[in-house]
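Each chain, written out:
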Amino acid sequence: MVRLSNNLVGILNLLTFLLSIPILGAGIWLSNRASTDCEKFLERPVIALGVFLMIVSLAGLVGACCRVSWLLWLYLLVMFLLIVLLFCFTVFAFVVTNKGAGEALGERGYKEYRLGDYSHWLQKRVNSTKNWNKIRSCLSDSKVCSTFHDKYLSDPIEKFYTEHLSALQSGCCKPSNDCNFTYVSPTMWNETAGAVYSNPDCNAWDNDPKVLCYNCQSCKAGLLQNVKSDWKKVAVVNIIFLLFLIVVYTVGCCAFRNNREDNSYGRYKGPY
């Protein structure tokens, strides 16, 4: 007898299999055109995700529709592990992004960011020289500061100070407000001769477009602010996906039970 749970698992996994094809295709496309560290970093997880979804969905599809109990059992095991991992990651994302916020400045439209305000785990990631060199390469490839320079080039200083800058623009493309540098253009500031700075970012600043404030603590903090914002959004999506996985897992358990009952019934009847 055709079982509703088996059909439902089959349909859901067919849709997942179809979804995995463009994901895998996107990963292969990225690998063929990757020329920067950022693109090379993205291609592997995208390909891995596509292959994973394809294999798991095939296992669920064949296990449910062809009544292959061991394959369906393997599918349910992977689904259970995925639910546990997704739950742990979601909790972890909320914990590590709980701290940190921009500092509002008087008469400034933008905020400034301090690395020490963020979780120690996130600080440790960006303070690693190996990690930060890759991130710097990504920031340079994204042209975040050259775009920033072109956008606000015509601003007089009074207007520039009222602009609502992004966390990366504020942290990486201009010096800290603590430095009191003289404004020339959005990415060019003159230092005060003989000044002593309490903020180490002031000494790290350079008008060279390839340097700017990429070595500043504020740039790392600006990146973490972006990470915090993105991870919060991802965590919300994860909760919705987690509920969906739990429903699929429950239906899959029903299909597995149906397979076992059908197999037991077949053995009980025996051949005629």
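Please read all numbers here as calculations on a predicted model, not as lab measurements.

A. Up close: the overall build of the chain. Per the secondary structure count, the chain includes 10 helices and four strands. Reading the chain from its N terminus to its C terminus gives the helix and strand order α-α-α-β-β-α-α-α-α-α-β-β-α-α. Over its C-alpha atoms the chain spans a radius of gyration of 26 Å, topping by over 25% the 19 Å that the globule rule assigns to 272 residues. The C-alpha extent of the chain, read off along each of the three principal axes, is 100 × 35 × 30 Å. In the chain, which comprises 272 residues, the proportion classed as buried is 38%. Considering only contacts in the chain between residues 6 or more positions apart, those separated by 24 or more positions represent 68%.

B. Region of the structure containing the pairing of strand β3 (residues 182-185). Pairing between β3 and strand β4 (residues 188-190): three bridges, direction antiparallel. Across the sheet, residue T182 finds its bridge partner in β4, namely N190. Counting the residues between successive antiparallel strands, the hairpin from β3 to β4 contains two residues.

C. Structural context of helix α3 (residues 69-96). Taking 1.5 Å per residue as the helical rise, α3 with its 28 residues ought to reach 40 Å, and the 40 Å between its terminal C-alpha atoms agrees with that figure. S69, L71, L72, Y75, L76, M79, I83, L86, T90, A93 and V96 are the residues of α3 that are buried.

D. Focus on the UniProt feature "transmembrane region" (unreviewed entry) in the chain. Those places that UniProt annotates as "transmembrane region" (unreviewed entry) correspond, in this numbering, to residues 12-30, 42-64, 70-96 and 234-252. A distance of 39 Å separates the end C-alpha atoms of residues 70-96, which is 100% helix and 0% strand. Helix makes up 100% of residues 234-252 and strand makes up 0%, while its end C-alpha atoms are separated by 26 Å.

E. Helix α6 (residues 144-152), seen in detail. Looking at α6, one finds that the buried residues are V144, C145, F148 and Y152. The arc that holds the buried residues of α6, viewed along the axis, is 90 degrees, so those residues lie on one side. Packed against the buried residues of α6 are α5 (129-141), α7 (157-160), α8 (167-172) and β3.

F. Just the layout of surface pockets, in detail. Here the second largest pocket is characterised by a volume of approximately 230 Å³. As for the second largest pocket, its lining consists of 14 residues, and the residues nearest its centre are C145, S146, P209, K210 and L212. With four residues, α6 is the largest single contributor of residues to the lining of the second largest pocket.

G. Expanded view of the state of the cysteines. This model, assessed by the stated rule, comprises four disulfides. Note on cysteine connectivity: C145 is disulfide-linked to C173, with sulfurs 2.0 Å apart. One disulfide, between C145 and C173, carries an S-S torsion of -85 degrees and so falls in the left-handed class. Residue C145 is located in helix α6, and its partner C173 is located in the loop between α8 and β3; the two are separated by 28 residues in the primary sequence. As far as burial versus exposure is concerned, C145 and C173 are alike and both buried. The structure places no disulfide on C66, whose sulfur is separated from the nearest cysteine sulfur, that of C65, by 6.4 Å. C253 supplies the cysteine sulfur nearest to C88, a cysteine that is in no disulfide, at a spacing of 19 Å. For C88, a relative accessible area of 44% puts it in the partly exposed group.

H. How the structure looks around a nonpolar patch on the surface. A cluster of nonpolar side chains, contributed by W70, W73, L74, L77, F80, L81 and V84, occupies part of the molecular surface with about 710 Å² of accessible area. Taking the relative accessible area as the measure of exposure, F80 reaches 43% and is therefore partly exposed.

I. Representation of the packing of aromatic side chains within the structure. For the coordinates displayed, the defined rule picks out 15 aromatic pairs. Seen from their ring centres, F92 and W231 are 6.3 Å apart, and the 55 degrees between their planes marks the pair as tilted. Taken together, the positions of F92 in helix α3 and W231 in helix α10 (residues 217-269) put the pair 139 residues apart, joining distant regions of the chain. Residues F241 and F244 carry aromatic rings whose centres are separated by 6.2 Å and whose planes lie at 20 degrees to one another, so their mutual orientation is stacked. A residue pair is termed a helical-turn pair when its members lie 3 or 4 positions apart in one helix, as F241 and F244 do in helix α10 at three residues. Accessibility expressed as a relative area gives 37% for F241, which makes it partly exposed. Under the relative-accessibility criterion, F244 is labelled partly exposed at 38%.

Scoring rules and cut-offs
Residues numbered from 1 in each chain as written. Predicted model: local features only at pLDDT ≥ 70, side-chain atom pairs only at ≥ 80, totals over all residues. Heavy atoms only, no water. Helix = DSSP H or I, 4+ residues; strand = E, 2+ residues; numbered from the N terminus. Rg over C-alpha atoms; globule rule 2.2 N^0.38 Å. Buried < 20%, exposed > 50% of the residue type's maximum accessible area, 1.4 Å probe, protein only. Contact = heavy atoms within 4.5 Å. Pairing = 2+ DSSP bridges. Expected span 1.5 Å × (residues − 1). UniProt positions renumbered as here; feature names shortened; annotations may be inferred. Arc of directions from axis to C-beta. 1 Å grid on protein atoms, 1.4 Å probe; cavity = no way out; pocket = protein on both sides within 12 Å on 5 of 7 lines; lining within 4 Å. Points joined across faces, edges and corners; volume = space filled by probe spheres on them. Disulfide = S-S within 2.5 Å. Patch = residues over 30% accessible without salt bridge, like charges linked within 9 Å, V, L, I, M, F, W, Y side chains within 5 Å. Areas by Shrake-Rupley, 256 points an atom, 1.4 Å probe, with all protein chains shown as cover. Salt bridge = Lys/Arg side-chain N within 4 Å of Asp/Glu carboxyl O. Phe/Tyr/Trp six-rings, centres within 6.5 Å; stacked < 30°, edge-to-face > 60°.

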